[in-house]
Amino acid sequence: MSLFLLGLIVSAVAVYYSIQASHRFGVVDQPGGHKAHDTVTPFVGGVGILAAMLTGGYVISQYFPSFGDRIYVLLGGVLVLFITGFADDILQLNYKIRFGIQAAVGLAMVFLGGVEISDLGQLLSGDLLSLGYLAVPITLLATIGAINALNMIDGIDGLSGSLSIVSLLLIALAVYISGDPAYFSLIVIIAGGVAGFLCFNLRYLGWRRARCFMGDNGSMQLGFLFAWLLSDLSQSNESVRAITPITTLWLFAVPLIDTLCVMLRRMWMGRSPFHADRNHLHHLFLRAGFRVQDAVLVLALVQFCFGAIGLLGMYAGVDELVMLVAFVVVFAVCFFIVLRPWRLVPLLRRIHRLLGMTSVHAVGVHVAGLPEHKLGSFADMLNRCIGPHVDFRFRAYHTEGNAGPACYGVIQLLGDDQDLTQAHISRIIAVLRREIGREPGVKVRQFVDRKETHDRRVGAKYRHSERRAGDRRSAGNAALIYRLDSAAGEPSVVAHG
């Protein structure tokens with residue numbers, strides 16, 4: 001705990017002062033293009049992570065001299081990638097330059113740090129599957145892949161940091177069990193450093209947006225750190241290997257699967273694998289109505305489950321070939337789902353509703369089956385229960401061709417604060433279900449702004465008859481029969497009939 005708090009404090013202080021300096025010198029990420037944020041935001045999260053890594057390196061050099069000069073190779077590679085990432089954040093470096101520097105750092109890791117993937121574990125007949133001359137190329141490929149996988153998944157506030165801290169703590173657990181105090185101390189300090197950065201990057205306690213981004217300068221550092229740790233801890237050395245090579249896939253599952261699925265889908269669609277799009281897993285969660293913080297929480301839990309499966313399988317003695325096949329199956333399922341995002345998004349929406357969560361796209365409440373003769377009492381109830389707390393607009397409609405006495409109503413909330421709107425919607429739905437839920441035929445649900453991206457039919461393939469039925473539903477006309485505008489504290493009926 002002391003090591004974790006040390007890393008957290010060092011990182012948080014470094015990020016705090018870096019944010020102030022970045023605003024002063026104009027070193028910030030501008031909104032626009034494919035970026036989702038709408039305000040200038042510093043990309044100095046890597047400063048805090050670097051400070052934590054340097055602190056961890058000092059602790060290792062002072063208290064664990066047996067680690068040797070490898071710690072300086074690790075810190076040197078981290079520093080080079082921090083500078084490269086910072087330059088990329090500002091100047092948008094060509095990908096060839098980035099790959100060249102990442103390859104050079106990977107070669108230094110192999111030939112100066114002595115860290116390489118020399119075998120793939122006991123995949124065949126209980127014997128180690130040695131890589132021989134392929135060891136260096138595969139190590140370079142894994143290093144570059146890990147660096148860019150963490151960089152590519154850094155698309156929403158708090159995601160890459162949350163995934164990283166989950167994986168780091170699981171790796172720390174495995175290292176602790178294997179009895180390696182040097183690596184354990186280093187990993188825990190860096191995990192604390194990531195937590196210090198997340199204090200400024202996560203959306204929590206009313207913070208509507210991140211106060212800083214990790215940036216390429218932070219994601220490249222962490223990606224290289226994972227490449228180093230997973231390569232070194234999974235290979236035979238003087239001590240017992242902490243994890244098997246196959247377990248490394250599970251410990252880095254979400255960034256790895258997301259990156260491979262997205263790149264393969266781009267090639268499947270005839271585009272460059274490096275062509276940016278919005279089909280990452282976190283983008284699909286947002287499209288389904290999840291809030292940013294909810295998507296981060298779900299994906300972090302998924303990463304924890306994957307990592308726990310890998311460690312439990314290893315400690316239970318499950319055959320490594322079986323664990324590899326299981327991971328390939330999981331990847332194949334994920335690729336099939338991501339290949340057809342129009343199928344995943346409606347499923348995520350249904351899960352979102354089953355969990356009782358409010359969609360980020362919701363702008364009000366829809367009430368179906370309202371008795372027309374009770375609209376007046378319904379409006380009085382809205383004034384009494386909702387009016388004192390929030391401004392709203394209520395409209396009731398009677399669908400043409402419906403001869404019955406029932407109609408439907410839409411309660412739209414007025415305001416720009418998305419988080420407050422979602423909180424009010426949840427409360428209003430609970431109130432309505434309590435007040436009128438016993439009325440036969442009355443159904444209360446969220447009212448989502450009509451956009452093409454929210455339509456579950458977009459991109460899907462259905463029969464001609466189903467398409468015509470959908471067109472008829474969309475083309476139906478409704479007559480306005482009741483209208484109520486409310487200013488908080490002073491509601492008034494504007495028109496009736």
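Worth saying up front: this structure is predicted, and the values here are computed from it rather than measured.

Thresholds applied
- Residues numbered from 1 in each chain as written.
- Predicted model: local features only at pLDDT ≥ 70, side-chain atom pairs only at ≥ 80, totals over all residues.
- Heavy atoms only, no water.
- Axes fitted to C-alpha atoms, helices over the stretch in contact; angles between N-to-C directions.
- Helix = DSSP H or I, 4+ residues; strand = E, 2+ residues; numbered from the N terminus.
- Parallel < 35°, antiparallel > 145°, perpendicular 65-115°, else oblique.
- Contact = heavy atoms within 4.5 Å.
- Nonpolar A, V, L, I, M, F, W, Y, C, P; charged D, E, K, R; others polar.
- pLDDT = per-residue confidence, 0-100.
- Buried < 20%, exposed > 50% of the residue type's maximum accessible area, 1.4 Å probe, protein only.
- Pairing = 2+ DSSP bridges.
- Expected span 1.5 Å × (residues − 1).
- Salt bridge = Lys/Arg side-chain N within 4 Å of Asp/Glu carboxyl O.
- Core = buried A, V, L, I, M, F, W, Y, C linked by side-chain atoms within 4.5 Å.
- Polar contact = N/O pair within 3.5 Å; in protein donor to acceptor, adjacent residues only side chain to side chain.
- Phe/Tyr/Trp six-rings, centres within 6.5 Å; stacked < 30°, edge-to-face > 60°.

### Points about the packing of helix α3 (residues 70-91) against helix α4 (residues 95-111)
Between two packed helices, what matters for the description is the angle formed by their axes and the separation of those axes.
Part 1: Relative orientation of the contacting elements α3 and α4 amounts to 175 degrees, with a least axis distance of 10 Å. When the axes of α3 and α4 are compared, the pair comes out roughly antiparallel. Mapping the contact onto sequence places Val73, Gly77, Val80, Leu81, Thr84 and Asp88 in α3 and Arg98, Ile101, Gln102, Val105, Ala108 and Met109 in α4.
Part 2: Of the residues assigned to the contact of α3 with α4, the class counts are 7 nonpolar, 3 polar and 2 charged.

### Thoughts on the confidence of the model for the chain
Part 1: With 86% of its residues at a pLDDT of at least 70, the chain reaches an overall mean of 83.
Part 2: Long-range and interchain partners of residues 456-476, a stretch whose pLDDT sits below 50, account for 11 contacts in this model, where long-range means more than four residues apart.
Part 3: A low-confidence stretch, residues 488-497 stays under pLDDT 50, and its non-local contacts, those more than four residues away or across chains, total 19 contacts.

### A look at the pairing of strand β3 (residues 362-371)
Part 1: For β3, the tally of buried residues reaches 7 of 10 residues, placing the bulk of the element in the interior.
Part 2: Relative to strand β6 (residues 443-448), β3 runs antiparallel, the two sharing 6 bridges. The residue bridging Val365 from the neighbouring strand is Gln446, located in β6.
Part 3: Where β3 lies against strand β5 (residues 406-413), 7 bridges are found, and the strand directions are antiparallel. Among the inter-strand pairings, Ala368 is bridged to a residue of β5, identified as Tyr408.

### So, the side chain of Gln102
Part 1: Along the polypeptide, Gln102 turns up in helix α4.
Part 2: Taking the relative accessible area as the measure of exposure, Gln102 reaches 1% and is therefore buried.
Part 3: Each residue touching Gln102, except ones within four places of it in the same chain, is listed here: Leu81, Ile144, Ile147, Asn148 and Met220.

### Examining the environment of Met220
Part 1: By the element assignment, Met220 lies in helix α8 (residues 215-233).
Part 2: The class for Met220 is buried, based on a relative accessible area of 1%.
Part 3: Placed 139 residues apart in sequence, Met220 and Leu81 show a C-alpha to C-alpha distance of 5.9 Å.
Part 4: The contact partners of Met220, leaving out residues within four places of it in the chain, are Leu81, Thr84, Gly85, Arg98, Gln102 and Ile147.

### Brief notes about α3
Part 1: With 22 residues, α3 ought to run about 32 Å at 1.5 Å a step, and its terminal C-alpha atoms sit 31 Å apart, in line with that.
Part 2: Within the sequence span of α3, burial applies to Ile71, Val73, Leu74, Leu75, Gly77, Val78, Leu81, Phe82, Thr84, Gly85, Asp88 and Asp89.
Part 3: Buried residues along α3 sit in contact with α2 (45-63), α4, α5 (135-152), α7 (181-201) and α8.
Part 4: Downstream of α3 by one or two residues, Gln92 has phi in the positive range, about 55 degrees.

### So, the pattern of salt bridges
Here the idea is simple: oppositely charged side chains can pair when their charged atoms come close.
Part 1: For the coordinates displayed, the defined rule picks out 5 salt bridges.
Part 2: The salt bridge involving Arg291 is made with Asp294; its shortest N-O contact spans 2.9 Å.
Part 3: By relative accessible area, which is 28% here, Arg291 ends up partly exposed.

### Side note on the environment of Leu131
Part 1: Tracing the chain through its elements places Leu131 in the loop between α4 and α5.
Part 2: Of the residues examined, Leu131 reaches a relative accessible area of 13% and is grouped as buried.
Part 3: With 11 residues separating them along the chain, Leu131 and Leu120 place their C-alpha atoms 7.3 Å apart.
Part 4: With sequence-adjacent residues up to four places away left out, Leu131 is seen in contact with Ile117, Ser118, Asp119, Leu120 and Ile138.

### Focus on the nonpolar core
Part 1: The biggest cluster of nonpolar side chains holds 96 residues, and the ones touching the most others in it are Leu168, Leu222, Phe224 and Trp228.
Part 2: When residues of this core are assigned to their parent elements, the largest contribution, 12 residues, is made by α7.
Part 3: Excluding its chain neighbours within four sequence positions, the residues that come into contact with Trp228 are Arg70, Val73, Leu74, Met109, Gly113, Val115 and Tyr183.
Part 4: Grouped together as the second largest cluster of nonpolar side chains are 29 residues, Cys385, Val431, Ile481 and Leu484 included.

### Let's talk about the side chain of Arg241
Part 1: In this fold, Arg241 is placed in the loop between α8 and α9 (245-251).
Part 2: A polar contact of 3.4 Å, which involves the side chain of Arg241, links it to the side chain of Asp119.
Part 3: Within the structure, Arg241 has its side chain in polar contact with the backbone oxygen of Ser234 (distance 2.7 Å).

### A few points about unusual backbone geometry
Part 1: One non-glycine residue, Gln92, lies in positive phi territory at about 55 degrees.
Part 2: Among the structural elements, Gln92 can be located in the loop between α3 and α4.
Part 3: By relative accessible area, Gln92 is classed as exposed at 56%.

### Considering the packing of aromatic side chains
Within a pair of aromatic rings, the relevant descriptors are the distance that separates the centres and the angle that separates the planes.
Part 1: Scanning the entire structure with this criterion turns up 15 aromatic pairs.
Part 2: Aromatic side chains Phe224 and Trp228 sit 6.2 Å apart centroid to centroid with 70 degrees between the ring planes, which places their arrangement in the edge-to-face category. Note that Phe224 and Trp228 are positioned in helix α8 at a spacing of 4 residues, about one turn of the helix.
Part 3: Taking relative accessible area as the criterion, Phe224 reaches 1% and is therefore assigned buried.
Part 4: Taken together, a centroid distance of 6.0 Å and an interplanar angle of 55 degrees make the contact between Trp250 and Phe306 tilted. With a gap of 56 residues between them, Trp250 in helix α9 and Phe306 in helix α12 (residues 292-315) connect regions that are remote in the sequence. Here Trp250 and Phe306 have matching classes, each one buried.

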